Structure formats: C-alpha cells, structure tokens
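Survey of secondary and tertiary structure
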Amino acid sequence: MARQKKTIITCAVTGAIHTPTMSDALPYTYDDIAQQAVEAAEAGASILHLHARHPENGSPSVDPNDFAPFLPRIKQATDAVVNLSTGGSLTLSIQDRINPAKTFSPEMCSMNMGSMNFSFHPLAKRYGDDDWKFDWEKDYVANSDQNIFRNTFRDIREAAETLAPHDIKFEHECYDVGHLYNLKFCMDIGLFKAPIFIQFIFGILGGIGPEVDNLIFMKHTADRLFGDDYRWSVLGAGGAQMALATTASQMGGNLRVGLEDSLFISRGKLAESNAQQVSKIRRIVEDLGSQVASPDEAREILDLKGGDRVAF
Ligand code: KMH
Ligand code: ZN
C-alpha cells in the first residue's frame, strides 16, 4: 500500500488497565481527563482515544454519564478527533460497552476484533496490601488472570450494526494475527467499509508479544488481506510503547501513545502526563524526518465524517 506522508499520533488518555495507585499522573476525575486530553492534543495528538472512570475512586466506567462532563470541554478546547472506547470493561456486555458511542456519536470508536485472555495480574505483585489507594484496585488487577475479553462474531456484528447509522470510523483493535482474519471475514460480509483503520496491538498478556518481527508479520498479513483498503497504527503496551511507536512511524504507519497503554516515559521512570508522552514521540518522529498529521489531516487520511457531526 502507498506510504502515508504524515504520521497520526493517537493519545489514549486513561483506559481501563492501570489503576490510580500505579501512577499519580493517571487521570480519572472529569477535570483531569479533560485537561490531560486537551494538553495531549496541544502537544500533537490528532486523535484522543477516551475511556471514562468513576470520579470518586478511578474505577473504569462505561456509563455515558461519566463521559458527558468531559466530552464538550474537549471539543470546545481542541480540534482533535474524539475516539471513544467500546472495550472499557472486561466483564460487561457489548450492549453496555457501546452505549457511550451510541449516545455521543463520535467520529471514531474502538472495535475489538476477537475474544481473548486479557490480563495484567502480574502488576499486582508490585504493590503491598497497604499500598492500594482504593478498595477495588487490588482485586481488579489480581483477578484479571481470569478475564476473558469477549468479542464474539455476534458481538462484533451487533456493535457494527447498532453503530452503523452514526457513520463512526472504527479503530479495529487487533491483538494477534487471527484478529486480522476475523476483520477480513467481517469486511467480506459487509460490516465495515474501506478504508478501515487497524490498530496493531503488541504486548498485552493474552495477545501477540512486542517484537518487531511480529509487527512486520502483522503488517505483511494485513497487506495481503486488505491491500490498499486499510490504514494502520501501532500500540505497544508497557515498556514497548516508544520503541514500537518509533518503528511504526519509520515504516510509514501511525502510532498510539498515552497512559492507557504505558505509564512510563522511559525505562523505570513514570510519565508526568499524557502530553509528556505525546511530546516525546512527536520529537522523535520529527527528528527522524517525518511530520505529524493535524486533526484535519487525520480526518482526510482516515475518511472521517467530521467534528461537526458528533452528538456532544
Ligand atoms: N487498552 C488497549 C490495549 C478499547 O478501548 O476498546 C486496547 C483498547 C481497547 O484500547
Ligand atoms: Zn481503550
């Protein structure tokens, strides 16, 4: 497929993996999510991938009422593309998970392309019983070894068909090579229209590992399956974040950073904010001779409906 001229930076601001104990920088109040999202956009992110949390204790939320307080503020302060998660809970149904996208009709939302183990339980060992800030955190992290992240073909169909009237571009989350074949099947039966946007995800426990060989394998497979019908981005979880993002940009792809995917700015050093991660990868991308895409350039590359057609 043709090499893209500019690199789209997505920033995933808070997610549902990390918990407040793990980093003081992880935003979970409405104010902090709004402020960090706006600052990430100012630093160069043209897409903001957003989850909500309960503001009183930082636990993940898929309740539209927990998105409503920050979405208009982000829209007023930036031109960035808003991308809402439909994977914000590892236990709730697909109907619950797509509610925010159904309610707010964003330009983009995630679409997870297969069922899988999805675990971060090894993180629990880093904290003593008395370290946790909130009651829910320890069990949430330690018990993630029994999570099945459910995204059956029927779930995917239901999400795609329910959201179809909203003309939302999906960020197809592919955690392993089989997910690309699931996506191809769904395209062939008409659930998604080109150009599709694939997020290649590496380093989630339950998915493919964060080696460059795997990125090349995923990319070759996508080239074979989708030809010119797809755009792509890379998300490396944890310590793989910056290196894989850099590699993706050098390969002509797009990239995703943010505290959802990694709490760190360099080896062993916590990031101070989402914007700090965006600034770092932007500097690397530009130092290596590429340019980052503006929100409108991202809209053109991904064929988005436009920021004036959202419902917030
Ligand atoms: N946390 C990422 C590895 C979603 O929000 O739908 C995947 C993700 C899923 O962002
Ligand atoms: Zn997410």
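Scroll up to find the structure.
Residues numbered from 1 in each chain as written. Chains lettered and ligands numbered in written order. Predicted model: local features only at pLDDT ≥ 70, side-chain atom pairs only at ≥ 80, totals over all residues. Heavy atoms only, no water.

What to know about the packing of helix α8 (residues 241-250) against helix α9 (residues 274-287)
One can describe the packing of α8 onto α9 by two numbers: an axis separation of 10 Å at closest approach and a directional angle of 40°. By the angle between their directions, the pair α8 and α9 is classed as oblique. The two elements α8 and α9 meet at a crossing, and its hand is right-handed. Along the contact surface, α8 presents Gln-241, Met-242, Ala-245, Thr-246 and Ser-249, while α9 presents Gln-277, Lys-280, Ile-281, Ile-284 and Val-285. (Axes fitted to C-alpha atoms, helices over the stretch in contact; angles between N-to-C directions. Helix = DSSP H or I, 4+ residues; strand = E, 2+ residues; numbered from the N terminus. Parallel < 35°, antiparallel > 145°, perpendicular 65-115°, else oblique. Left-handed = near helix turned anticlockwise from the far one by under 90°. Contact = heavy atoms within 4.5 Å.)

With respect to empty space enclosed by the protein
Under the defined criterion, the tally for this structure stands at three cavities of 30 Å³ or more. Put simply, the largest cavity is a space of about 230 Å³. Lining the largest cavity we find 21 residues, and of these Ile-17, His-51, Phe-118, Tyr-175 and Glu-260 sit closest to its centre. Of the residues contributing to the lining of the largest cavity, the split by class is nine nonpolar, eight polar and four charged. Estimates place the volume of the second largest cavity at around 40 Å³. (1 Å grid on protein atoms, 1.4 Å probe; cavity = no way out; pocket = protein on both sides within 12 Å on 5 of 7 lines; lining within 4 Å. Points joined across faces, edges and corners; volume = space filled by probe spheres on them. Nonpolar A, V, L, I, M, F, W, Y, C, P; charged D, E, K, R; others polar.)

Some words on unusual backbone geometry
For the peptide bond that leads from Ala-194 to Pro-195, omega is -5°, which places it in the cis range. With respect to the helices, strands and loops of the structure, Pro-195 is situated in the loop between α6 (177-188) and β11 (196-202). Residues other than glycine seldom take positive phi values, yet Ser-105 does so here, at roughly 45°. The residue Ser-105 is located in the loop between α3 (94-104) and β7 (108-112) in this model. The backbone of Asp-303 shows a phi angle near 60°, a positive value even though the residue is not glycine. Inspection of the secondary structure assignment puts Asp-303 in the segment after α10 (295-302).

Regarding the coordination of the zinc ion (ligand 2)
At the metal site, the zinc ion (ligand 2) is ligated by His-49 (NE2), His-51 (NE2) and Glu-260 (OE), and these contacts range over 2.0 to 2.1 Å. For the zinc ion (ligand 2), the donor residues sit on a single chain with the sequence spacing H-x1-H-x208-E. One end of the pair, His-49, is in strand β3 (residues 47-50); the other, Glu-260, is in the loop between β13 (254-257) and β14 (264-266), with 211 residues separating them in the sequence. On the basis of relative accessible area, His-49 is assigned to the buried category, the value being 1%. (Donors = N, O, S within 2.8 Å, 3.2 Å for Na, K, Ca; no water. Buried < 20%, exposed > 50% of the residue type's maximum accessible area, 1.4 Å probe, protein only.)

A few points about the state of the cysteines
Summed over all chains, the structure comprises zero disulfides. Unpaired in this structure, Cys-11 has its nearest cysteine sulfur neighbour in Cys-109, at a distance of 18 Å. (Disulfide = S-S within 2.5 Å.)

A short note on the site of ligand 1
In the region of ligand 1, 13 residues are neighbours, and Ser-85, Ser-110, Asn-112, Arg-256 and Glu-260 sit closest. Within the contact set of ligand 1, an oxygen atom lies 2.7 Å away from a side-chain nitrogen or oxygen of Glu-260. A total of 300 Å² of accessible area belongs to ligand 1 in isolation, and the protein chains cover 98% of it. Of all the cavities here, the one that holds ligand 1 is the largest cavity. Class assignment for the residues of the shell around ligand 1 results in three nonpolar, six polar and four charged. (Near = heavy atom within 4 Å. Polar contact = N/O pair within 3.5 Å; in protein donor to acceptor, adjacent residues only side chain to side chain. Areas by Shrake-Rupley, 256 points an atom, 1.4 Å probe, with all protein chains shown as cover. Sits in = over half its atoms within 2 Å of the grid points.)

Some words on the layout of surface pockets
Its volume calculated, the largest pocket comes out at about 470 Å³. Along its surface, the largest pocket is lined by 21 residues, and His-18, Phe-120, Leu-123, Arg-126 and Gly-238 are the ones closest to its centre. Of the residues in the lining of the largest pocket, the class split is 13 nonpolar, six polar and two charged. By volume, the second largest pocket is sized at about 290 Å³. Among the secondary structure elements, those contributing two or more residues to the lining of the second largest pocket are β10 (169-174) and β11. With three residues, the top contributor of residues to the lining of the second largest pocket is β10. Looking at the lining of the second largest pocket residue by residue, the classes come out as nine nonpolar, one polar and six charged.

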